[in-house]
Amino acid sequence: QVQLVESGGGLVQAGGSLRLSCTASKNIFTIDHMGWYRQAPGKQRDMVASLTSSASTNYAESVKGRFTISRDYAKNTVSLQMNSLKPEDTAVYCCKAETPPYAYWGQGTQVTVSS
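The structure contained in this document is the topic of the report that follows.

Here is what the cut-offs are and how they apply
- Residues numbered from 1 in each chain as written.
- Predicted model: local features only at pLDDT ≥ 70, side-chain atom pairs only at ≥ 80, totals over all residues.
- Heavy atoms only, no water.
- Pairing = 2+ DSSP bridges.
- Helix = DSSP H or I, 4+ residues; strand = E, 2+ residues; numbered from the N terminus.
- Axes fitted to C-alpha atoms, helices over the stretch in contact; angles between N-to-C directions.
- Contact = heavy atoms within 4.5 Å.
- Buried < 20%, exposed > 50% of the residue type's maximum accessible area, 1.4 Å probe, protein only.

## Here we look at the sheet that holds strand β8 (residues 77-82)
Whenever strands of a sheet pair, they do so through backbone hydrogen bonds, lying parallel or antiparallel.
Thought 1: In spatial order, the strands read β1-β3-β8-β7; together these 4 strands make up an open sheet with antiparallel pairing. Two strands close off the open sheet at either side, each with one partner strand: β1 (4-7) and β7 (67-72). Neighbour-to-neighbour, the strand axes of this sheet turn through a mean angle of 15°, independent of strand direction.
Thought 2: For β7 and β8, the ladder comprises 6 bridges, and the chain directions are antiparallel. Bridging from a neighbouring strand, I69 pairs with L80 of β8.

## Observations regarding the environment of Y73
Thought 1: Inspection of the secondary structure puts Y73 in the loop between β7 and β8.
Thought 2: In this structure the C-alpha to C-alpha distance between Y73 and I28, which are 45 residues apart in sequence, comes to 6.4 Å.
Thought 3: Setting aside chain neighbours within four positions, we find Y73 in contact with I28, F29 and S53.

## Focus on the pairing of strand β11 (residues 109-114)
Thought 1: The two faces of β11 differ: T109, V111 and V113 on one face are buried, but Q110, T112 and S114 on the other face are not.
Thought 2: Here strand β2 (residues 10-13) runs beside β11; their pairing, made up of 4 bridges, is parallel. Paired with Q13 across the bridge in β11 is S114.
Thought 3: As judged from the 3 bridges shared by strand β9 (residues 91-99) and β11, these two strands associate in the antiparallel manner. Bridged to Y93 within β11 is T109.

Structure below.
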């Protein structure tokens with residue numbers, strides 16, 4: 001069982017930055033795959049960025065060059081640095097941890113980008 005707690009969401013103007021953090025209840029060194037997903041009202045939940053235990057990263061095309069996923073083993077935290085934010089980035093952002101065959105989700109944090 002892994003509990004995930006997100007923080008760092010909020011309201012920001014277009015062009016601004018936010019940093020989201022996801023803190024896990026266990027050592028993230030033991031988690032195979034962690035990622036950030038987002039869901040806007042009326043839309044499906046999409047992958048934003050992911051990070052494997054071997055440090056391989058993957059980004060949605062819409063955020064490449066603007067968002068960066070990283071991890072801090074000492075803090076059991078995976079972060080998402082979001083720069084050059086756009087109104088279309090507005091969504092609830094959730095953290096996911098996978099230790100096959102199990103997957104765990106955080107409760108989500110709201111990110112709102114005003115134009």
